[in-house]
Amino acid sequence: MAKEYNFREIEKKWHKQWAEKQTYRVTEDKNRKKYYVLNMFPYPSGAGLHVGHPLGYIASDIYARYKRLQGFNVLNPMGYDAYGLPAEQYAIKTGQHPEKTTFQNIDRYREQLDKIGFSFDWDREVRTCTPDYYKWTQWAFQKMFNSYFDEELQKAQPIEKLIEKFKAEGTWPADEKEQSDLLMQHRIAYLGETMVNWCPALGTVLANDEVVNGVSERGGYPVEQKKMRQWCLRVSAYSQRLLDGLETIQWSESIKETQKNWIGRSEGTEVQIKVADQDVDFTIFTTRADTMFGVTFFVLAPESELVDMVTTPDQRKAVDEYIKYVKGRTERERMIDHTVTGVFSGAYGINPITGDKCPIYVAEYVLAGYGTGAIMAVPAHDSRDYAFAKHFDLPIIPLVEGADVSEESYDAKEGVVMNSPISEDKSVSYEGERLILNGLTIKEAIAETKRFVKAHNLGRVKVNYRLRDAIFSRQRYWGEPFPVYYKNGIPQMIPEECLPIKLPQVDKFLPTETGEPPLGNATKWAWDTKTNSVVDCSTIDNQTVFPIELYTMPGFAGSSAYYLRYMDPHNDEALVSDEAASYWQNVDLYVGGSEHATGHLIYSRFWNKFLFDLGVSKKEEPFQKLINQGMIQGWSSFVYRLRNTNKFVSFDLLDEQYDDAKKKSLYYYQGVEADPVYADISMVNGNVLDVEKIREWTPEFREGEFILNQNGQYIVNQAIEKMSKSKYNVVNPDDICENYGADTLRLYEMFLGPIEQSKPWDVAGIDGCFRFLKKFWTLYWNKDGSLAADDSEPTADNMKSLHKLIKKVSEDIEVFSYNTSIPAFMVATTELTNQKCRSRKVLEQLVVLIAPFCPHIAEELWEALGNKTSVCDAQWPSFDEKYLVESTVKMPVQFNGKVRFTLELPADMSKEDVEKTALSAPDAAKYLEGQQVVKTVVVPGRIINIVIKPL
RNA sequence: GCCCAGAUGGUGGAAUUGGUAGACACGAGGGACUUAAAAUCCCUUGGCCUAACAGCCGUACGGGUUCGAGUCCCGUUCCGGGCACCA
């Protein structure tokens, strides 16, 4: 009786053994080299894991196991990003405490994860919502509060140093409030009056990366601009370091590019502009200093305080009206609608280069938050200035030879400069020198203008960044509370030794009736400075008892330094001990979705750089190598209901019409429009709906009438979409584990395609992987159920098959090309089966090779082969080229009446031997027969080209 | 508009990095075993032409370099991603 591949028993057995023997426990071991593998930890949602989640976990698990087999001490932890909006919204709806639902979800996640056989060290699990974890989030915030960014040193320094500096300068104010206000302008975590993205529907502010196309990323609600006092993190101070760091890490080019765009460095020039007939001047920022001769007007941002200063009395009314109009527009409107608007301020600015007086306008196309909020307009060479000039009928002066600006501006930075100046009297002389750019290329002209402006003190060279400070306050309940109380409106830090300050209980999770954040509902939320403890709000006297901050921290707070906590998760003295941080350094391999490119991956880098400045983190960059796993999409199924009826029509009976306005197809049945309704994929087989099953699903279907096609089937329409509960296209990994086993699931998820690519889940192919594992299993057993391995020496063919595989798999794993290893496994297994390989040596190494991919079957076979230890502690086989290469003819080609062919030979052969071997190789003989050797060329390595012609 | 990454059978995708394009898998078709089904195994499967052998064409399109191009260079088209009144 052949031994059956009973994956259920095998997997159960090894899950138990791994847990009992703590196979995946890791400790710092100075004698071994470390390797740190990390997945972006999941938010435990109520829907549980779907097959898309484990994709990255499996990929990193394979790598972690591979590294361990290579002798590295591998840290591969897992935890939960447990604070988040969905739990809070669920709490608002049901009254259930978010902690309860979050912990339930975590248990469910853990159960699902355990089934897949990951090598996580669960002793190191972290949850961002537990006090022993968020103590260190609060601690880091306080450190940021007590630090400033020293521009010269380009690093964070204690705020005390700045106070000393102010005292030495004599600029340190006596008043406590003034002191606080002054320091606020420098602290890395600071309280600022800023324009924020306010989302009324969610009742909270959002960070820039949480707003997409003017609506909230979550829920798609409108977002408006509002001025609020908020906690902010001075991320912008680190712009240059965030940019420079990208050069030192191995991330995909596209993510690096995204971050570069987000940071948005632009090198330019700031120039002082005097306002004519007024005692005011202002600064403009430009990257095109070469176009100073083409300036025909200036523009101020409507929000700029300069507007008020320069506006002349007769234009006051018009300007005020315009500002009112701008304020009435939402972020969204400004984004979509680019019609030209603006108003003349009545004032004129003097171009310091030409001496010309140019009108100053106020227009919303200039943004207050970037540069200086004021620009010089060069309509000939900037499309926005061009549109504005055309609209207000302002002059356009072309400055580039051959550029035609009659229809549109010439924005390119290529060409030769002219009209600069038009004539000598159009160029102001400074200390006897005039700026002359004619004949220079644009790039040369920029450099020359910079030099001129600097030399004559007209302005300065300036680098601007688009990256804004992160808004760090949220008007929510389910987040980290700030360790801050207010004394006469001045924020004070709760003493470090009192941390963590725990999230208070509330009876309602909504904002209070007076519009305060949900923490306003807490009755015990005041700080007593005498006892250093949280006390009842009713005792607030603003003498010794003060109100505590009502805001909570945003989602990225807890996820910004979690990788450091995994190094030393139970330490209550420090975020991470110096020993642990020194040993583990930083994450070697980080795996997660690319959707975090401008969120978590920026904040985390910022946070780590700050901790690096403090000496807590030992590496400037937290994640050395980053792999972005693609999304696994689901197949959504639609049935079509005739409008205003309860009739459902088979998809193939519908007439399709494309609607240009809506950019989608509409469907009709006998002239009646049919609307798509999601059907759960479990009710669909291929594209045929199980009508009986869907009737059991919901009442609307139970009563429904189903109009079938002529084959008596109901056909559904299918589309590939993101896997989501609401689209009823979720495939649960538990079902796959149940029917095929975790090893097949692991293998199949990798086989689906390149790890970085998004691809639809398609169960059809899973049988192939399952069949392979059965075949692999069969290789190890005789027909009677006994082990097939013996002590026979492997044949040359055995070694060739094995080493071909070792080479391929080792190379593939290094570059995360697992999907191409799997065919290699299949081929090798077939070859060894055909060779009737029984050699224990070969079979053992084969088990080790598959162990990272399919740990359960590997453990079982490893044990069956007589090993007492786990296959995890085996050694990764090394590849030896000598088994691979005999001489093989690569490719004969004909040209010019000659034939050239290439032989592949072992690498360590001498040049003479290569020639001799090549000419006498059996493969070559058939080509050489009756031919004359014209010339041989040995290509470096082991390729030889032999040119021959007929005798 | 600017920047980045892509395009190979019916499908997912291979191709030792310039050397026999289409590995492996799915799907499809045919066959074996079986009373039947499932499972398993074998064969065929880029296109055209052909009874077959053979032959020709094929890696989005157009050029180029090379003895040789899916791979390198130039141009075009299309799809995906990022940024976007950022001066």
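Residues numbered from 1 in each chain as written. Chains lettered and ligands numbered in written order. Predicted model: local features only at pLDDT ≥ 70, side-chain atom pairs only at ≥ 80, totals over all residues. Heavy atoms only, no water.

Our next topic: the protein's contact with RNA strand B. Not every one of the 40 residues close to RNA strand B is listed here, only the nearest: Thr 287, Arg 384, Arg 466, Gln 757 and Arg 771. Restricting the count to atoms of RNA strand B within 4 Å of the protein gives a sugar and phosphate share of 63%. Residue Ser 266 places a side-chain N or O atom 3.3 Å away from a phosphate oxygen belonging to RNA strand B. Between RNA strand B and the protein, one listed contact pairs a sugar or linking oxygen with a side-chain N or O atom of Arg 466 at 2.4 Å. Elements represented by at least two residues in the surface near RNA strand B include exactly helix H9 (253-263), strand E11 (281-286), helix H23 (766-778), helix H25 (818-834) and strand E36 (893-895). Class assignment of the residues belonging to the surface near RNA strand B gives a composition of 17 nonpolar, 13 polar and ten charged. (Near = heavy atom within 4 Å. Polar contact = N/O pair within 3.5 Å; in protein donor to acceptor, adjacent residues only side chain to side chain. Helix = DSSP H or I, 4+ residues; strand = E, 2+ residues; numbered from the N terminus. Nonpolar A, V, L, I, M, F, W, Y, C, P; charged D, E, K, R; others polar.)

Given two aromatic rings, their pairing is described by the distance between the two centres and the angle made by the two planes. On inspection of all chains with the given rule, the structure shows 68 aromatic pairs. Seen from their ring centres, Tyr 57 and Phe 118 are 6.0 Å apart, and the 85° between their planes marks the pair as edge-to-face. Residue Tyr 57 is found in helix H2 (residues 54-69), and its partner Phe 118 is found in the loop between helix H4 (98-116) and helix H5 (131-145); the two are separated by 61 residues along the sequence. On the basis of relative accessible area, Tyr 57 is assigned to the buried category, the value being 6%. Here Phe 118 falls in the buried class, since its relative accessible area comes to 6%. Centroid distance Trp 697 to Tyr 728: 4.9 Å. Interplanar angle 90°. Geometry classified as edge-to-face. Here Trp 697, found in helix H19 (residues 691-697), pairs with Tyr 728, found in the loop between strand E33 (717-722) and helix H21 (733-739); they are 31 residues apart in sequence, far enough to count as distant. Owing to a relative accessible area of 27%, Trp 697 belongs among the partly exposed residues under this scheme. The partly exposed category is assigned to Tyr 728, whose relative accessible area is 34%. Following the ring pairs from residue to residue traces out a cluster consisting of Tyr 35, Tyr 63, Tyr 66, Phe 72, Phe 772, Phe 776, Tyr 780, Phe 816, Tyr 818, Phe 825, Phe 853 and Trp 876. (Phe/Tyr/Trp six-rings, centres within 6.5 Å; stacked < 30°, edge-to-face > 60°. Buried < 20%, exposed > 50% of the residue type's maximum accessible area, 1.4 Å probe, protein only.)

Attention now moves to the sheet that holds strand E5 (residues 189-199). An order of E6-E5-E9-E17 is seen for the four strands of this open sheet, with the pairing classed as antiparallel. Both outer strands of the open sheet, strand E6 (204-206) and strand E17 (470-471), are each paired with one neighbouring strand and no more. Note: E5 against strand E9 (residues 224-233), ten bridges, orientation antiparallel. Directly across from Ala 189, in E9, lies its bridge partner Leu 233. (Pairing = 2+ DSSP bridges.)

On to H4. Helix length check: H4 (19 residues) gives 27 Å between terminal C-alpha atoms against 27 Å at 1.5 Å per residue, within 8%. When we look at burial in H4, the residues that qualify are Pro 98, Thr 101, Thr 102, Asn 105, Ile 106, Tyr 109, Gln 112, Leu 113 and Ile 116. Viewed along the axis of H4, the buried residues span an arc of 140°, placing them on a single side of the element. Among the structural elements, H2, helix H3 (85-94), H21, helix H22 (742-751) and helix H27 (855-864) are those in contact with the buried residues of H4. (Expected span 1.5 Å × (residues − 1). Arc of directions from axis to C-beta. Contact = heavy atoms within 4.5 Å.)

To continue, consider the nonpolar core. Ranked by size, the top nonpolar core spans 189 residues in total, and within it Trp 231, Leu 233, Phe 472, Trp 761 and Tyr 780 carry the most contacts. Considering every element that reaches this core, the biggest residue donor is H2, with nine residues. (Core = buried A, V, L, I, M, F, W, Y, C linked by side-chain atoms within 4.5 Å.)

Each neighbour pair has its own omega, and for Ser 420 with Pro 421 the value is 0°, a cis peptide bond. Topologically, Pro 421 is positioned in the loop between helix H13 (383-392) and helix H14 (442-455). The omega angle of the peptide bond from Leu 499 to Pro 500 is -5°, so this bond is cis rather than trans. Inspection of the secondary structure assignment puts Pro 500 in the loop between strand E19 (490-493) and strand E20 (526-528). With phi around 55°, Gln 154 is a residue other than glycine that occupies positive phi space. Within the secondary structure, Gln 154 is located in the loop between strand E3 (147-150) and strand E4 (155-158). A relative accessible area of 24% means that Gln 154 is categorised as partly exposed.

Attention now goes to the pattern of salt bridges. Taken as a whole and assessed by the stated rule, the structure comprises 42 salt bridges. Residue Asp 588 is joined to Lys 34 by a salt bridge in which the shortest nitrogen-to-oxygen separation is 2.8 Å. Taken together, the positions of Asp 588 in strand E23 (residues 587-592) and Lys 34 in strand E1 (residues 34-39) put the pair 554 residues apart, joining distant regions of the chain. For the pair shown, Asp 588 and Lys 34 are each scored as buried. (Salt bridge = Lys/Arg side-chain N within 4 Å of Asp/Glu carboxyl O.)

What follows covers the pairing of E9. In terms of strand pairing, E9 meets E17 through two bridges, oriented antiparallel. Paired with Leu 233 across the two strands is Ala 470, which belongs to E17.

Attention shifts here to the layout of surface pockets. Here the second largest pocket defines a volume of roughly 750 Å³. What lines the second largest pocket is a set of 28 residues, and nearest its centre among them are Ile 681, Ser 682, Val 730, Val 731 and Val 763. Broken down by secondary-structure element, the contributors of at least two residues to the lining of the second largest pocket are strand E25 (632-642), strand E30 (684-685) and H21. Taken together, the residues that form the lining of the second largest pocket break down as 13 nonpolar, nine polar and six charged. (1 Å grid on protein atoms, 1.4 Å probe; cavity = no way out; pocket = protein on both sides within 12 Å on 5 of 7 lines; lining within 4 Å. Points joined across faces, edges and corners; volume = space filled by probe spheres on them.)

Bringing empty space enclosed by the protein into the picture now. Considering all chains together, one arrives at two cavities of 30 Å³ or more under this definition. Estimated volume of the largest cavity: approximately 80 Å³. Lining the largest cavity we find Tyr 133, Trp 136, Thr 137, Ala 140, Ala 557, Gly 558, Ser 560, Ala 561, Tyr 562, Arg 565, Leu 575 and Trp 607. For the lining of the largest cavity, the elements supplying multiple residues, two or more each, are H5, helix H15 (555-559) and helix H16 (562-565). Ranked by residues supplied to the lining of the largest cavity, first place goes to H5 with four residues.

Here we come to the pairing of E25. Where burial is concerned, most of E25 is hidden: nine out of the eleven residues are buried. Here E25 pairs with strand E34 (residues 759-760) via two bridges, running parallel. Within E34, the position partnered with Ile 632 by the bridge is Lys 759. As defined by bridge partners, E25 adjoins E33 across six bridges and the pair is classed as antiparallel. Across the sheet, residue Trp 635 finds its bridge partner in E33, namely Ile 720. Where E25 meets strand E29 (residues 672-679), six bridges bridge the pair, whose relative direction is antiparallel. Note that in E29 the partner of Val 639 across the bridge is Val 677. Across two bridges, the pairing between E25 and strand E26 (residues 647-649) is antiparallel. Looking at E26, one finds that Tyr 640 is bridged to Val 649. Linking E25 to E26, which pair antiparallel, is a turn of four residues; within it Asn 644 sits at a positive phi near 65°.

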